[in-house]
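Okay, here's what each chain looks like letter by letter:
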Amino acid sequence: MSASAESLCRHCLLPVGARALRQTIGGENCAFCCYGCSIAFQVKNGRTEEWEAAWLLIRLGIGGFLSMNIMLFSLLIYGGVFTGADARVLPTIDVLLLILATPAVLILGGPFLRETLVEAARGRLTASALIVLGVGAAYVYSAVAVAERNAQVYFDTATMVLMLFTLGRYLEAAGRARAARDLAPLLAAERENVVVVQDGAEISRPVREVEAGMLVRVRPGERIAVDGIVVEGSSHADEAVITGESRPVEKGLGAAVIAGSINLEGSLLLRSSGGGTATRWAQICRSVREALIRRSPIQRLGDRAVAVAVPGVVLMAALTVLYWSQSLPLDRAMLMGVAVLVVACPCAVGLAAPLATSLAIGRLARHGCLVRDAATLEAMARVGLVAFDKTGTLTLGKPRVVAIETDGVASAEALKLAAGLERHSEHGLGRAVLSAAAEGGIDLPPARDVRVVPGRGIVGNVGGGIVAAGNLALMRAMCFPVGASLAASARRAEANGHSVIYVGWGGETRAVLSLDDTPVPEARATIDALRARGLRMTVLTGDLAPAARRVAAALAIEDVRAGLTPEDKRAILGRHRWSHDAVAMVGDGLNDGPVLVEADVGIAVGTATDLARETASVVLPVGGLWLLPWIIGVARAVSSTVRTNLLWAFGYNLVALTLAALGMLQPIIAAAIMAGSSVLVVLNSLRLERLPDPVAPQVPERVAAADRLQAAPALSAVAERS
Amino acid sequence: MTYYLVVFAAGFAGSFHCVGMCGGFACALGRDPRGHGATALRHLIYNCGRLTSYCFMGALAGALGQIICTRQGAALTLFGGSLDAVERALAIVAGLLMIAMALQFFGLLRVFHRLTVGFGGSTFAMALRSLLASRHHAAPLAFGVFNGFLPCPLVYAFAAEAASTFQALPGLLTMAAFGLGTFPAMLLMGGVGRVLAPAWRQRGVWLAGTCILALGLVTLGRGIAPFGAHMSHGLLAGHPA
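Residues numbered from 1 in each chain as written. Chains lettered and ligands numbered in written order. Predicted model: local features only at pLDDT ≥ 70, side-chain atom pairs only at ≥ 80, totals over all residues.

Moving on: the overall build of chain A. In terms of helices and strands, chain A carries 27 helices and 24 strands. Counting every position in chain A, which comprises 722 residues, the buried fraction comes to 52%. Restricting to contacts in chain A with at least 6 residues of sequence separation, those with at least 24 account for 68%. (Helix = DSSP H or I, 4+ residues; strand = E, 2+ residues; numbered from the N terminus. Buried ≥ 20, exposed ≤ 12 C-beta atoms within 10 Å, placed from the backbone. Contact = placed C-beta atoms within 7 Å.)

Here you go:
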């Protein structure tokens, strides 16, 4: 936990990466991803360490004051003001420039120099080494020139390059801070404070000290930090982070609230139902933090390229100076070398991926979708085929009465008697019968002497006669004969993959109830949306072929493979991976663990236990299948943003480097270009903020379905484990 | 010399506009507990920082104008000599900009206001606040430097004017004259606080608008008028040569 906390930048909450900047602020060890972030952090937290924060800005200000004065004089010199009779004042002006430049270089260049030295001690050359080298060369050359009363000095280059880079980093930090604003609440679960009501007094306490049974006060607009029950007040809550439900949910007396949701308009008093760190919310925060820390393959590639590039650039600068010094005076050649060093600074490469991916991970998490790492997002963008498990994924996993065959009695009568019995049953099929009766508006008759026959069914006295409901074995045991037509329809139903309940009374089997699993209401819309995104789909299930085909037909999926063992599924996925760039498998995560691992992207619906076990790499909230097309859209947007960023950063560097080596670029312009490049990459990544939110398909049953599924204790297992 | 006096006057008049935004900062910079002398020094340092930023912008704008115009180093008179096409275009752009700014001062154009306020952003101003609280001697300097870059239509207008001089030195001097023009009001603000009645501030804003409008029209005239020479010899004859 502490190791992971250290690897995120203290200011922008993004991973610090290989070139972390470590500082002690207010007695606390802080890691920053860049110099700009360290300044921004100290400025933002200026209230506690006022002096230190202000001192950084003062340094920037003084640096700016000095370098602007230097620039003023330089502009006048370049503008030809000190020519002719005024030329004699030039040496004096040079000395003045030296006096102005020395503190400016020390003040602005200090952090770069420190970073270079620290990294050099570890045997690494970083981007700041290039700046230090370039600026140092320009400064030392100019100082020597002043001593020798030489005409040309380049103090303006030295100071302006530093100023522009510092400014660029500061702007970059501001952009990153903006990106992190969305992320911050997702990382704060354990750090949050809650107001605990004890003996009538309200005390603020860290959420990790909250235990079950404590009373917690939540004010309007605050994030609810614990799971609990409302004991006082009423309000609405925004539970999008946990359930993906974007509409406010009413919270009255006795309603359960989920940690991580936002209390909208009313003040609530809650009784905590568990420890403060054992919530799904805390788990989400933990997994988001872990996702941020893992670097994506494409970013690792970029980092490696930078590591190779830095010494190469130094070499190239040396060659540039060497080459041009043969035909030009040394100072001009040196200036070209400085331009090469400055323009090659690969700051933007390091920014290309982390900002975009962390924006996306935070965005997904805010809608309850957890992604294991940045690499998953990359794979997700490449997915060409989505394989679905049937039960619990495309279907609700809950049977429903779909047909009632009788030997002539009214089907309502059969349902009524069966339901009267099944009221006393815990069996899943029994509950389906009950809900069918409730839908039909049937009043349940009282039942006496009810006996559950394990593995067979249930028997009892309903309305004065013995009634049995169960399988064929029960009918035989009860000596209730089954008529030929009933037996035929039962066989037909079973061949179709339906479950069958025989209902008998009066010494005979009178009816057969067929039960079937139903598709998730929003499944059709989801499949259509995926198809619109150019994806192929297949169903891989262990169920019987007829049932699988029926569901697939309802959802318009042509490719169906039924009766598969988990090994079969893995083999089929393996084959698909030959023909598709990447394959995703969607399962309920309970039975499909090994299969989900086999896919490039394993997507579990409604359970995050698998995220922790590393079987699934994406977890959707309960009833969140409809989010899948949106997630793929986000992944694709991120992927293209990262690609554009890298292309831009590398391409830009390459073109500018060539120009600089050819002596066509002034160092100051080069510095401005590089600082601008970083800012552009940040801005391009921030465009991801404008991605549309997921839109739930208009299915009236969706909310009800989600409510029915709410009971699934999705994350408690992981929370206990960790 | 007359030209710079006009700019100085415009700056002085315009500074009543500054009082609204920067005056607040100057007030916040407050008094030094070490006495009146220290307080005066503090505000002087702050204004020096501001002036440096202005001068830098002026020189930069002038140099940019010079780079854009191919005729390097050619002496430029306001109403004499022939201006080539690029210079004319620049003068027209700068003139139009200044007129737009002036209209905004009269409350006739709202677009620029949104542009200037939206730009820069509140984060920058927020960061500046921590500087105000600092007791460090150099804090007012740094504060002034940043303050100089705060988005302000008045500064933009004069930067445009500086660019239309097509040389670093006149550009610098233009902005310096403008900056010095804002000195009295800003120093006053620091010393006596917000004693100025809003009505007077409003009059100042109108005065500033008139000055900028006049300068803008003259600059525009330089770009449009066929030879310019016959336009006016008397009014602003002292433009730097």
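The secondary structure content of chain B amounts to 9 helices and 0 strands. Its helices and strands in sequence order give chain B the pattern α-α-α-α-α-α-α-α-α, from N to C terminus. Across chain B, every contact between residues at least 6 apart in sequence was considered, and the portion connecting residues at least 24 apart equals 85%.

Attention now goes to helix 16 (residues 428-439) of chain A. Residue and element names in this part refer to chain A. In this model helix 16 runs 17 Å from its N-terminal to its C-terminal C-alpha over 12 residues, within 8% of the 16 Å that 1.5 Å per residue would give. Those residues of helix 16 lying buried are Leu429, Gly430, Ala432, Val433, Leu434, Ala436 and Ala437. Following helix 16 by one or two positions, Gly441 adopts a phi angle in the positive range, close to 70°. (Expected span 1.5 Å × (residues − 1).)

Turning next to the packing of helix 5 (residues 127-147) of chain A against helix 9 (residues 297-325) of chain A. Residues and elements named next belong to chain A. One way to put it is that helix 5 packs onto helix 9 with a least axis distance of 9 Å and a crossing angle of 20°. Taken as axis vectors, helix 5 and helix 9 run roughly parallel relative to one another. The way helix 5 lies across helix 9 gives a crossing that is right-handed. Across from Ala127, Ala129, Leu130 and Leu133 in helix 5, the residues of helix 9 making contact are Val310, Val313 and Val314. Looking at the contact of helix 5 with helix 9, its residues break down into 7 nonpolar, no polar and no charged. (Axes fitted to C-alpha atoms, helices over the stretch in contact; angles between N-to-C directions. Parallel < 35°, antiparallel > 145°, perpendicular 65-115°, else oblique. Left-handed = near helix turned anticlockwise from the far one by under 90°. Nonpolar A, V, L, I, M, F, W, Y, C, P; charged D, E, K, R; others polar.)

Let's shift gears to the nonpolar core. All names here are of chain A. Ranked by size, the top nonpolar core spans 236 residues in total, and within it Val340, Val342, Val343 and Ile631 carry the most contacts. The element that contributes the greatest number of residues to this core is helix 24 (residues 628-661), accounting for 15 residues. If near-sequence neighbours (up to four positions away) are discounted, Val343 is found in contact with Ala656, Leu657, Ala660, Leu665, Ala670, Ile673 and Met674. Core analysis: the second largest hydrophobic core is formed by 37 residues, Val433, Val462, Leu486 and Ala493 among them. (Core = buried A, V, L, I, M, F, W, Y, C linked by C-beta atoms within 7 Å.)

Glancing now at helix 13 (residues 374-382) of chain A. Most of helix 13 of chain A is tucked away: 8 of the 9 residues are buried. Within the span of helix 13 of chain A, buried status applies to Ala374(A), Ala375(A), Thr376(A), Leu377(A), Glu378(A), Ala379(A), Met380(A) and Ala381(A).

What follows concerns the pairing of strand 18 (residues 499-505) of chain A. Residue and element names in this part refer to chain A. Along strand 18, 6 of the 7 residues are buried, which leaves the element largely enclosed by surrounding structure. In the sheet, strand 17 (residues 465-470) pairs with strand 18 via 4 bridges, with the strands oriented antiparallel. Bridge assignment links Gly470 to a residue of strand 18, and that residue is Tyr502. For strand 18 and strand 19 (residues 508-519), the ladder comprises 7 bridges, and the chain directions are antiparallel. Among the inter-strand pairings, Tyr502 is bridged to a residue of strand 19, identified as Val512. From the end of strand 18 to the start of strand 19, which pair antiparallel, there are 2 residues, and Gly506 there has a positive phi angle of about 60°. (Pairing = 2+ DSSP bridges.)

Moving on, we come to the sheet that holds strand 20 (residues 536-540) of chain A. Working definition: the strands of a sheet are paired by backbone hydrogen bonds and lie parallel or antiparallel to each other. All names here are of chain A. An order of 12-24-23-22-13-20-21 is seen for the 7 strands of this open sheet, with the pairing classed as mixed. Each of the sheet's edge strands pairs with one partner strand only, and the pair in question is strand 12 (370-371) and strand 21 (559-561). Inspection of the sheet shows strand 12 paired to strand 24 (residues 618-620) by 2 bridges, in the antiparallel sense. The partner of Val371 across the bridge, within strand 24, is Val618.

All names here are of chain A. With respect to the element layout, Ile203 can be found in strand 4 (residues 201-206). On the basis of neighbour count, Ile203 is assigned to the exposed category, with 12 C-beta atoms found within 10 Å. The spatial distance from the C-alpha of Ile203 to the C-alpha of Val216 is 9.4 Å, given a sequence separation of 13 residues. Beyond its immediate sequence surroundings of up to four residues, Ile203 is in contact with Val196 and Gln198.

Before going further, it helps to examine the sheet that holds strand 19 of chain A. Residues and elements named next belong to chain A. In spatial order, the strands read 14-19-18-17-16-15; together these 6 strands make up an open sheet with antiparallel pairing. Where the open sheet ends on each side, the last strands, each with one partner, are strand 14 (395-406) and strand 15 (447-453). Geometrically, the sheet is characterised by an average inter-axis angle of 20° between neighbouring strands, direction not taken into account. Across the sheet, helix 16 lies against strand 14, strand 18 and strand 19, angled at about 65° from strand 14, the strand it touches most.

Moving on to the confidence of the model for chain B. All names here are of chain B. On average, residues of chain B carry a pLDDT of 68, and 54% of them reach 70 or more. When mean pLDDT is compared element by element in chain B, helix 2 (residues 36-68) scores highest at 83, while helix 4 (residues 111-118) scores lowest at 46. Predicted confidence is poor over residues 72-82, with pLDDT under 50, and the contacts of this stretch with residues over four places away or in other chains come to 18 contacts. Under the prediction, the complex receives an ipTM of 0.73, its pTM being 0.70. (pLDDT = per-residue confidence, 0-100.)

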